[in-house]
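# Results of the structural survey
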Amino acid sequence: MPRARSTTRESCSLSQHTSDWGEMTGNRSRRSGHGLREAATAILAANDHGTHVVPGPGQYPAQWNWDSALIAVGLAHIDPARARLEVEQLLSGRWDDGLLPHIVFRPSDVDYFPGPSVWQSQGMAGAPIVAVSGITQPPVLATAIRVLHECHPDIGFLERSVPSLDRWHRWLHDNRSRSNPLVAIVHPWESGTDNSPRFDKPLSLVSAVDVGRFQRRDLEHVPAEQRPGDEEYGRYASLVEQLRDRSYRPTSDEPLEFIYIDVAFNSILAVAEDDLAWLRQQIGLPAQEARERAAALRQGIAETWDDELGGFLDFDLRQGMPVIESLECVTSLLPMYAGVADQNQLGKLIDTLWDPTGFGPSPEFPVGITSVVKRSDRFDPRCYWRGPVWVNMNWLLVQALRRHGRQEEASRLRDRTLDLVQEHGFYEYYDPRTGEGIGCSRFSWSASLTLDLLERP
Ligand code: 9WN
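Residues numbered from 1 in each chain as written. Predicted model: local features only at pLDDT ≥ 70, side-chain atom pairs only at ≥ 80, totals over all residues. Heavy atoms only, no water.

## Considerations on the site of the ligand
Close to the ligand lie 16 residues; Asp67, Tyr112, Gly192, Asp194 and Tyr384 are nearest. In this structure, an oxygen atom belonging to the ligand sits 3.0 Å away from a side-chain N or O atom of Trp66. Between the ligand and the protein, one listed contact pairs an oxygen atom with a side-chain N or O atom of Trp385 at 3.0 Å. Within the complex, the protein chains bury 99% of what would otherwise be the 420 Å² of accessible surface of the ligand. Most atoms of the ligand, that is more than half of them, are within 2 Å of grid points of the largest cavity. Broken down by class, the residue content of the shell around the ligand amounts to 10 nonpolar, three polar and three charged. (Near = heavy atom within 4 Å. Polar contact = N/O pair within 3.5 Å; in protein donor to acceptor, adjacent residues only side chain to side chain. Areas by Shrake-Rupley, 256 points an atom, 1.4 Å probe, with all protein chains shown as cover. 1 Å grid on protein atoms, 1.4 Å probe; cavity = no way out; pocket = protein on both sides within 12 Å on 5 of 7 lines; lining within 4 Å. Sits in = over half its atoms within 2 Å of the grid points. Nonpolar A, V, L, I, M, F, W, Y, C, P; charged D, E, K, R; others polar.)

Okay, structure coming up:
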């Protein structure tokens, strides 16, 4: 259970950070972080199911991979022991060959579709004891463990967790590389940005199962306009069945209905490989291989740049073509997070980031950063990954701007994000017109990343 903020010497330069922030914004309550810190801590405490913190109450009744990593980033500041438990529990859902699943079901009789009876992991060769899914999610965990270790070093914890982390990264390269250093995803859920418009065309080629065959649970919690449609769900479910028939390990020459190079997933992995290298060094293990994988990923991402279109393009491996629509999605900015963009490319990405018709705030849509550019026909301010603002994307972009020395812009985005949660609460996503919180309420990563934005300079 998260406790009040740690007062130990390792509390991550809190006082320095909050005083800078106050100078810049002049906002009294944000200056101290009072209220917001307590509110965020309370959300994590309420969502704590003992072994794991659920992403949000009701709608997400299990442990999700990148949610737990991002939750651990926040817990690092208030309860490092609880953060370590979060990570260990997630890693205990690892398949023998290294796959770290996107969901670990604890308990296994959860009210979620698709639940354990659909994934059917138990009984499959190499599956963990606990019921899990058979696909993965953006690999942000190494980065989370690094944040945790930098705040509260614990060598024993690293010795226990780093080997599993390493196995997972290797699994991604061994199982998901297709004659290219970049790794592929085989389900939109693996991107963490499920109904992003960049998947529209590739997903339209996937055969759908009849939605009458299953019962969607998400619509019991959230209005349909804020979620993917039934047609998309029919295809998501079909992909799960197709992958399950291959024990979630299709061979590299097997034709797949969805196989996709997501530049954002690879950017997150490149940073995670750097962080894994750093973590291995802390415990006296060689770091060269992780460094080489990071360099190869960066090279692969750099090659996705299209000079004419001015962006890093995703690639649909099934159709063998770049996905132009990916440039409409905020995920196309994440090569900045990985430090791939050169000066010219960086300039272009930052222009789109703040462009009022792009992802940036505008008079009609004053809240940023939108998940899709506003000039797109596909932009929808209330539908999930098709327009709303997400705290995790803002957080990744704050790290990206900092990485490139854009401190003023990073602070501006951090402040806007903190204003948003302060005014509207901790929601899954936000309507960029009003800041109204939509999707799941009391959402964990919106709370945990608020803690990190407050505590880490
Ligand atoms: C499917 C838990 C997860 C997040 C994803 C988000 C959403 C699941 C769903 O919720 O996906 O994995 O049921 O819609 O897209 O990023 O990890 O918060």
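After that view, the rundown keeps rolling.
## Observations regarding the packing of aromatic side chains
Scanning the entire structure with this criterion turns up 24 aromatic pairs. Summarising the aromatic geometry, the rings of Trp119 and Trp189 are spaced 6.5 Å apart at their centres and angled 50 degrees between planes, so their arrangement reads as tilted. A residue pair is termed long-range when its members are at least 10 positions apart, and Trp119 in helix 6 (residues 116-119) and Trp189 in the loop between helix 8 (155-176) and helix 9 (200-204) qualify at 70 residues. When its relative accessible area of 0% is taken as the criterion, Trp119 is described as buried. Judged by centre distance (4.8 Å) and plane angle (65 degrees), the ring pair of Trp305 and Phe312 falls under edge-to-face. Judged by relative accessible area, Trp305 falls into the buried class, the value being 14%. Clustering of aromatic rings is evident, with ring pairs tying together Tyr60, Trp64, Trp66, Tyr112, Tyr384, Trp385, Trp390, Tyr429, Phe443 and Trp445. We note Arg412 situated over the ring of Trp354; from NZ or CZ to the ring centre the distance is 4.5 Å. (Phe/Tyr/Trp six-rings, centres within 6.5 Å; stacked < 30°, edge-to-face > 60°. Helix = DSSP H or I, 4+ residues; strand = E, 2+ residues; numbered from the N terminus. Buried < 20%, exposed > 50% of the residue type's maximum accessible area, 1.4 Å probe, protein only. Lys NZ or Arg CZ within 6 Å of the ring centre and 35° of its normal.)

## Here we look at empty space enclosed by the protein
In this structure the tally under the stated criterion is three cavities of 30 Å³ or more. Counted as a void, the largest cavity has a volume near 210 Å³. Together, 19 residues line the largest cavity, and Tyr60, Trp64, Gln137, Asp194 and Tyr384 are the ones closest to its centre. When grouped by side-chain class, the residues that make up the lining of the largest cavity number 12 nonpolar, three polar and four charged. Of the voids in this model, the second largest cavity is the one considered here, and its volume is about 70 Å³. Lining of the second largest cavity is provided by Gly58, Gln59, Tyr60, Asp111, Tyr112, Phe113, Arg216, Arg217, Asp218, His221, Arg227 and Tyr233. Tallied by class, the residues present in the lining of the second largest cavity amount to four nonpolar, three polar and five charged. (Points joined across faces, edges and corners; volume = space filled by probe spheres on them.)

## Some details on the confidence of the model for the chain
With 93% of its residues at a pLDDT of at least 70, the chain reaches an overall mean of 92. Low pLDDT (under 50) marks residues 1-29, which in the prediction has 66 contacts with non-local residues, meaning those over four places away or in another chain. (pLDDT = per-residue confidence, 0-100. Contact = heavy atoms within 4.5 Å.)

## Quick notes on the packing of helix 14 (residues 391-403) against helix 15 (residues 407-424)
Running from N to C, helix 14 and helix 15 cross one another at 160 degrees; their axes reach a closest spacing of 8 Å. It follows from the interaxial angle that helix 14 and helix 15 lie roughly antiparallel. You can see that helix 14 and helix 15 cross each other, and the crossing is left-handed. Here helix 14 contributes Val391, Asn394, Leu397, Val398, Leu401 and Arg402 to the contact with helix 15, which in turn contributes Gln407, Glu409, Ala410, Leu413, Arg414, Thr417 and Val421. (Axes fitted to C-alpha atoms, helices over the stretch in contact; angles between N-to-C directions. Parallel < 35°, antiparallel > 145°, perpendicular 65-115°, else oblique. Left-handed = near helix turned anticlockwise from the far one by under 90°.)

## Some thoughts on the side chain of Arg298
Mapped onto the fold, Arg298 is located in helix 12 (residues 288-302). Since its relative accessible area comes to 18%, Arg298 is described here as buried. Once residues lying within four places of it in the same chain are set aside, the contact partners of Arg298 are Ala270, Val271, Asp274, Ala338, Val340 and Arg403.

## Observations concerning the layout of surface pockets
Each pocket or cavity is described by its volume, and for the largest pocket that value is around 370 Å³. Around the largest pocket, the lining comprises 14 residues; the ones closest to its centre are Thr143, Val271, Asp275, Gln399 and Arg456. Looking at the lining of the largest pocket, the elements that each hand over two or more residues are helix 7 (141-151), helix 11 (263-282) and helix 14. When grouped by side-chain class, the residues that make up the lining of the largest pocket number five nonpolar, two polar and seven charged. The calculated volume of the second largest pocket comes to roughly 260 Å³. Surrounding the second largest pocket, 16 residues form its lining, Leu309, Gly310, Leu327, Thr352 and Arg375 being those nearest its centre. Here the element with the most residues in the lining of the second largest pocket is helix 13 (residues 343-354); it accounts for three residues.

## Quick word on the state of the cysteines
The bond known as a disulfide is covalent and runs between the sulfur atoms of two cysteines. This structure, assessed with the given rule, holds zero disulfides. No disulfide involves Cys383; its sulfur sits 12 Å from the nearest other cysteine sulfur, which is in Cys329. Not engaged in a disulfide, the cysteine Cys440 finds its nearest cysteine sulfur in Cys383; these two sulfurs lie 16 Å apart. (Disulfide = S-S within 2.5 Å.)

## Some remarks on the nonpolar core
Residues Leu141, Met336 and Leu397 are the most contacted members of the largest nonpolar core, which totals 142 residues. Examining the composition of this core, we find that 12 residues originate from one element, helix 11, more than from any other. When near neighbours in sequence (up to four residues on either side) are disregarded, Leu397 contacts Val330, Leu333, Leu334, Met336, Leu353, Ile369 and Leu413. (Core = buried A, V, L, I, M, F, W, Y, C linked by side-chain atoms within 4.5 Å.)

## Looking at the pairing of strand 9 (residues 427-430)
Both strand 9 and strand 10 (residues 437-441) contribute to a ladder of three bridges, which runs antiparallel. What sits directly across from Tyr430, in strand 10, is Gly437. Linkage of strand 9 to strand 10, two consecutive antiparallel strands, is achieved through a turn of six residues, within which Gly435 is found at a positive phi near 85 degrees. (Pairing = 2+ DSSP bridges.)

## Observations concerning the sheet that holds strand 3 (residues 131-132)
Reading across the sheet, the three strands line up as 1-2-3 and stay open at both edges, with antiparallel pairing between neighbours. Because the sheet does not close on itself, it has two edges, and the strands there are strand 1 (63-64) and strand 3.

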